Amino acid sequence: MISSSWQPVRFHHAWELAEVAQKAFGSLDLRHPLVAEMHRWGTLHISGKLQVLQLPKHYDFQGLRLTPAQTRARLGEFGYANVVAFQTRNPLHRVHEELTKRATQEVDGVLLLHPSVGMTKPGDVDHYTRVRAYKALAAGYYDPNRILLALLPLAMRMAGPREALWHALIRRNHGANHFIVGRDHAGPGNDSTGQPFYGPYDAQELLQRYSSGTQVREQYLNQGRTLPPWFTRPEVAEILAETYPPRHRQGVCIWFTGLSGAGKSTTAEVLTVLLLEHGRQVTLLDGDVVRTHLSKGLGFSKEDRNTNIRRIGFVAAEIVQHDGVAICAAVSPYRATRNDVRNLIGSEHFVEVFIDTPLEVCETRDTKGMYAKARRGEIKDFTGIDDPYEPPAQPEVTLDTVTHTPEENARLILHYLGQHGFVRMPTGMMQNGIKI
Ligand code: ADP
């Protein structure tokens, strides 16, 4: 923490992003999460003497949050000369359990199970779930005289080998003299640079084959399948299953985009009913309705339109996060803003539906009389007339409202959702030529 009574502080101007990225992360690739984040950092570095005023307050799992000194003291009570530390940001499966137990046996020591619970990589299992699972595992499957579970409030930097070294140093400060380095330690995925630091551990190949979190989610949790007991202890499997319900109970956002009068609201209303019939909880965020409360007062300038879309996106993200279905029906004319919303929600849970109705058709329909007004110049910046509409480059679904009725189109979306597991469909049924 930086002292509020400022000691002489040195400002270093114009730090070199490329130099720091290369040295710390070995990469300039923007797909590296920290390299991407660096672009949002300011131009100044601050340095100076640090003084601890107050440690951050944590309200969760307080009994497991130990300072380095507390950790060393607790480890000392076990009475072993050797302490093996295991850093992790993932749930522990049987293979990890085995690995940590063997390492502990090998050095005849005690295990410091030391998961990091700061910010991890997007897509990682949240720490509340993980810690519940660690607790269940530590309590049920380890010799209580050989394990200390403590949490490390450290954000992952995804710096690979350098981070492994740093993690080892931190554990040494917590009283460990051995440190297990697993597969792709702190690796940000495909872009990390593999260094010999990963070490020739026998367990590595095994880890590589069986510890893929993505595989666990896709092949088991998303499909509502229980993780087999040879792979994961039942207590851990149950905790993971609670947080990761099967796909048909996970959240999803169906984002309609298209010109005014294209048929977004009409189709969205039919889809809402169909999804309710299939047992999903649905919130419909209709652009026109949203503008009467959530976005009341916003106009139609580019900035206001973006604000409107971002607000809808924010609410949709919350709904999806809590396993609901959010149907959003707003013109949302700008591609970049729609992509921002997609990123906010997570592409796997975002279904962009392009209602591809030609302008002439929308103008003929002119249900709200808006096109006529825009043509007469009574309203300005009307999408399709004097403000651009940017069609999506790769929407998940494209609909034609000239040759298909709203119901047919809604069923096409339902079908798409069924295929992707978001809706449970009775198999083999056909309606209007569409398998539902
Ligand atoms: P938006 O929400 O895109 O502004 P609306 O759904 O409010 O569009 O309006 C679309 C209008 O077009 C409605 O009056 C609807 O009855 C009419 N319409 C005609 N054919 C279709 C179709 N196949 N799909 C959707 N709407 C259609």
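It should be emphasised that the depicted structure is a prediction, and the values quoted were computed from it without experimental measurement.

**Student:** I'd like to hear about the site of the ligand, residue by residue, with values.
**Tutor:** Close to the ligand lie 15 residues; G261, K264, S265, T266 and H404 are nearest. T266 places a side-chain nitrogen or oxygen 2.5 Å from an oxygen atom of the ligand. Counting residues per element, the shell around the ligand draws most heavily on helix α10 (residues 264–277), which supplies three residues. Residue composition of the shell around the ligand, grouped by class: three nonpolar, nine polar and three charged.

**Student:** Tell me about the packing of α10 against helix α16 (residues 406–419), and name the residues and values.
**Tutor:** Orientation of α10 relative to α16, taken along the N-to-C sense of each, is 50 degrees, at an axis distance of 8 Å. The angle between the axes of α10 and α16 places the two elements in the oblique class. Crossing of α10 against α16: the hand is right-handed. Contacts from T266, T267, V270, L271, L274 and L275 in α10 reach P406, E407, N409, A410, R411, I413, L414 and L417 in α16.

**Student:** So what about unusual backbone geometry? Which residues, and what values?
**Tutor:** A positive phi is found at F61, a non-glycine position, where the angle reads about 45 degrees. For F61, the location among the structural elements is in the loop between β2 (45–47) and α3 (68–78). In this structure, D381 takes a positive phi of about 55 degrees despite not being glycine. In this fold, D381 is placed in the loop between α15 (370–375) and β11 (397–399). Overall, the relative accessible area of 34% leaves D381 in the partly exposed class.

**Student:** Can you lay out the sheet that holds strand β6 (residues 178–180) for me, pointing to particular residues and giving the numbers?
**Tutor:** Read from one edge of the open sheet, four strands run β5-β4-β3-β6, paired in parallel fashion. A strand with exactly one partner marks an edge of an open sheet, and here the two such strands are β5 (147–149) and β6. The sheet shows a mean angle of 20 degrees between the axes of neighbouring strands, direction not considered. Note that strand β3 (residues 83–86) and strand β4 (residues 110–113) share four bridges and pair parallel. Looking at the pairing, V83 lines up with V110 of β4.

What counts and how
- Per chain, the residues get numbers from 1 upward, laid out in the order the sequence is written.
- Confidence filtering applies because this is a predicted model: local features only for residues at pLDDT of at least 70, side-chain atom pairs given and counted only at 80 or more, and all residues used for totals across whole chains, interfaces and linings.
- The side-chain quantities take in all heavy atoms of the structure and omit both hydrogens and water.
- When at least one non-hydrogen atom of a residue lies within 4 Å of a molecule or strand, that residue is treated as near it.
- We call two N or O atoms a polar contact when they sit within 3.5 Å, provided that within protein one can donate a hydrogen and the other can accept it, with sequence-adjacent residues counted only if both atoms are side-chain atoms.
- Under the DSSP-based scheme used, a helix requires at least four consecutive residues in state H or I and a strand at least two consecutive residues in state E, with every element numbered from the N terminus.
- Polar here means any residue other than Ala, Val, Leu, Ile, Met, Phe, Trp, Tyr, Cys and Pro, which are nonpolar, and Asp, Glu, Lys and Arg, which are charged; Gly is therefore polar.
- Angular values range over 0 to 180 degrees, each being the angle between N-to-C directions of two axes fitted as lines to C-alpha atoms, with helices fitted over their stretch in contact.
- Reported orientations rely on four angle classes, namely roughly parallel under 35 degrees, roughly antiparallel over 145, roughly perpendicular from 65 to 115, and oblique for the rest.
- Crossings are sorted by hand: turned counterclockwise from the far helix by less than a right angle, the near helix makes the crossing left-handed, and turned clockwise it makes it right-handed.
- By definition, residues are in contact when any of their heavy atoms lie within 4.5 Å.
- Throughout, exposure labels follow a simple rule: accessible area from a 1.4 Å probe, protein chains only, divided by the maximum for the residue type, with under 20% read as buried, over 50% as exposed, and the rest as partly exposed.
- A pair of strands counts as paired when DSSP detects no fewer than two bridges linking them.

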